[in-house]
Amino acid sequence: MKNITAIIVLLFVHTISINAQTEKQPWTAGISFAGAKYSFEAAKIVGGQLAHQTPRFNASKYLYKGLIADAAVATTVGDSQSYTTFDASLRYDFGTSHDKVVPYILVGGSFISAIKTTPTANFGAGSTFWFNQKYGLNFQLMYKFSESKFESQKSHLYPSVGLVYSFGYRFLNPRIWND
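Procedures and definitions
- Residues numbered from 1 in each chain as written.
- Predicted model: local features only at pLDDT ≥ 70, side-chain atom pairs only at ≥ 80, totals over all residues.
- Heavy atoms only, no water.
- Helix = DSSP H or I, 4+ residues; strand = E, 2+ residues; numbered from the N terminus.
- Polar contact = N/O pair within 3.5 Å; in protein donor to acceptor, adjacent residues only side chain to side chain.
- Contact = heavy atoms within 4.5 Å.
- Core = buried A, V, L, I, M, F, W, Y, C linked by side-chain atoms within 4.5 Å.
- Buried < 20%, exposed > 50% of the residue type's maximum accessible area, 1.4 Å probe, protein only.
- Phe/Tyr/Trp six-rings, centres within 6.5 Å; stacked < 30°, edge-to-face > 60°.
- Lys NZ or Arg CZ within 6 Å of the ring centre and 35° of its normal.
- pLDDT = per-residue confidence, 0-100.
- Pairing = 2+ DSSP bridges.

Structurally, Ser 155 is set in the loop between β7 (135–145) and β8 (156–166). Here Ser 146 takes part through its backbone nitrogen, which lies 2.9 Å from a polar atom of the side chain of Ser 155. Contacts of Ser 155, omitting those with residues within four sequence positions, involve Tyr 38, Tyr 143, Lys 144, Phe 145 and Ser 146.

Grouped together as the largest cluster of nonpolar side chains are 13 residues, with contacts concentrated most on Ala 36, Tyr 38, Ala 51, Tyr 83, Leu 106, Met 142 and Tyr 158. For this core, the elements supplying multiple residues, two or more each, are β1 (27–37), α2 (40–46) and β5 (101–113). When residues in this core are grouped by element, the largest group, three residues, is from β5.

Going through the model one piece at a time under the given rule, you end up with four aromatic pairs. Between the aromatic rings of Tyr 83 and Tyr 158, the centroid separation amounts to 6.4 Å while the plane-to-plane angle is 15 degrees, which identifies the pairing as stacked. Taken together, the residues Tyr 83 in the loop between β3 (67–75) and β4 (84–92) and Tyr 158 in strand β8 connect sequence positions 75 residues apart. Taken together, a centroid distance of 5.2 Å and an interplanar angle of 75 degrees make the contact between Tyr 92 and Phe 94 edge-to-face. Residue class for Tyr 92 comes out partly exposed when judged on its relative accessible area of 35%. The ring of Tyr 104 has Arg 91 lying over it, and the distance from NZ or CZ to the ring centre is 4.5 Å. Lys 144 extends its terminal NZ or CZ atom over the ring of Tyr 158, reaching a point 4.1 Å from the ring centre.

Moving on to the confidence of the model for the protein chain. When pLDDT is averaged across the protein chain, the result is 83; 80% of the residues are at 70 or more. In this model, residues 4–21 is a region of pLDDT below 50 whose contacts with residues beyond four sequence positions or in other chains number 42 contacts.

Before going further, it helps to examine the environment of Gly 124. Among the secondary structure elements, Gly 124 is positioned in strand β6 (residues 117–130). Put simply, Gly 124 and Pro 159 are 35 residues apart on the chain and 9.5 Å apart in space, counted from C-alpha to C-alpha. The contacts of Gly 124, once residues within four sequence positions are left out, are Ile 105, Leu 106, Leu 141 and Met 142.

Quick look at the environment of Leu 63 now. For Leu 63, the position within the fold is in strand β2 (residues 50–64). The class for Leu 63 is partly exposed, based on a relative accessible area of 39%. Once the C-alpha coordinates of Leu 63 and Pro 26 are considered, the two residues, 37 residues apart in sequence, prove to be 7.4 Å apart. Look past the residues within four positions of Leu 63 in its chain and what remains in contact with it is Ile 68, Ala 69 and Leu 90.

Attention now goes to the pairing of β3. Residue alternation in β3 divides its side chains into a buried set, Ile 68, Asp 70, Ala 72 and Ala 74, and an unburied set, Leu 67, Ala 69, Ala 71, Val 73 and Thr 75. From the end of β2 to the start of β3, which pair antiparallel, there are two residues, and Lys 65 there has a positive phi angle of about 45 degrees. As defined by bridge partners, β3 adjoins β4 across nine bridges and the pair is classed as antiparallel. Note on β4: the bridge partner recorded for Thr 75 is Thr 84.

If you want it as structure tokens, here you go:
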């Protein structure tokens, strides 16, 4: 299974000519390593403290004035517990879409299919570091809040790190010392 995942990632990276996300080039796609990290108490209920989800696929569209819509899906592969997540969020990038470092905050929701399907409210932050006009590295940390009435799912952290690609040409703002 690891070989198949590696082949898919390599094909995805090498077959798409893409760049970063702006109002003129609104679409990006990404593939990440992710996982659900539970507290010790919650782990007793959900069946483990960590649920690995690799790969996590996401697509984003720049809407306007630093606001980006993002959708993602991930599922456990080869893990002892079942956890599939369908995420949707709105991100705000503080007007830094053209910079090499693009920090953002997010708010959204998920449907997690585990023991039972459970909705969560998501809050988080992240940043994309653009290596060049084509590729970026994204770090993100979400807190998935699950109401106490849902006994099959507990609130947890959801970190991810992955590659980001943009479908279009990106002009990176030069550094001040390059002038």
